[in-house]
Amino acid sequence: MTGTDTALGYEQARDELVEVVRKLEAGGTSLEESLALWERGEELAKVCRHWLEGARARLDSALAAREPEAAGGEGREGGA
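What counts and how
- Residues numbered from 1 in each chain as written.
- Predicted model: local features only at pLDDT ≥ 70, side-chain atom pairs only at ≥ 80, totals over all residues.
- Heavy atoms only, no water.
- Helix = DSSP H or I, 4+ residues; strand = E, 2+ residues; numbered from the N terminus.
- Buried < 20%, exposed > 50% of the residue type's maximum accessible area, 1.4 Å probe, protein only.
- Contact = heavy atoms within 4.5 Å.
- Areas by Shrake-Rupley, 256 points an atom, 1.4 Å probe, with all protein chains shown as cover.
- Salt bridge = Lys/Arg side-chain N within 4 Å of Asp/Glu carboxyl O.
- Expected span 1.5 Å × (residues − 1).
- Core = buried A, V, L, I, M, F, W, Y, C linked by side-chain atoms within 4.5 Å.
- pLDDT = per-residue confidence, 0-100.

1. Regarding the overall build of the protein
Scanning the protein from terminus to terminus reveals three helices and zero strands. Reading the protein from its N end, one meets helices and strands in the order α-α-α. Looking at the protein as a whole, 14% of its 80 residues are labelled buried. For the protein, long-range pairs separated by at least 24 residues make up 74% of all intrachain contacts whose partners lie at least 6 apart in sequence. Split by element, the accessible area of the protein, about 6200 Å² in all, is 56% carbon and sulfur.

As structure tokens, this is what we get:
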């Protein structure tokens, strides 16, 4: 990823990727233009993947942090 790509938010990268796919599916571009679009699409997909992997890691971390609380909380409630 380039420095510019890492500055893109998930939504920006996703929206641009959708536009790239639309252009490729519509056809009518030269081979050179199609290759450039494909390459841009690959970069945008990497940006999206990076954001999604980060989000998954944060969710996993939050869920892991809750597990001990949930286990401890259930024992207390059941004994009361």
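From this point, the discussion proceeds with the structure in view.
2. Remarks on the pattern of salt bridges
Counted under the stated rule, the structure contains five salt bridges. Across the salt bridge formed by Glu19 and Arg22, the nearest N and O atoms sit 2.5 Å from each other. Of this pair, Glu19 and Arg22 both sit in helix H2 (residues 10–26), three residues apart, roughly one helical turn. Residue classification places Glu19 among the partly exposed residues on the basis of a relative accessible area of 32%. Given a relative accessible area of 46%, Arg22 falls into the partly exposed group. The residue Glu43 makes a salt bridge to Lys46 at a minimum N-O spacing of 3.6 Å. Linking Glu43 with Lys46, this pair stays in helix H3 (residues 31–79), spanning three residues, or about one helical turn. Residue Glu43 is classed as partly exposed on the basis of its relative accessible area of 22%.

3. Section: H2
For H2, built from 17 residues, the straight-helix expectation of 24 Å at 1.5 Å per residue is met to within 8% by its first-to-last C-alpha distance of 24 Å. The positive-phi residue at the C-terminal boundary of H2 is Gly27, with phi of around 75°.

4. Considerations on the nonpolar core
Within the largest apolar cluster, seven residues are counted, these being Leu8, Ala13, Val20, Leu37, Leu44, Val47 and Cys48. Elements with a minimum of two residues in this core: H2 and H3. The biggest single contributor to this core is H3, with four residues.

5. Some thoughts on the confidence of the model for the protein
Mean pLDDT over the protein stands at 88; residues scoring 70 or higher make up 78%. Mean pLDDT values for the elements of the protein range from 67 in helix H1 (residues 3–7) up to 98 in H2.

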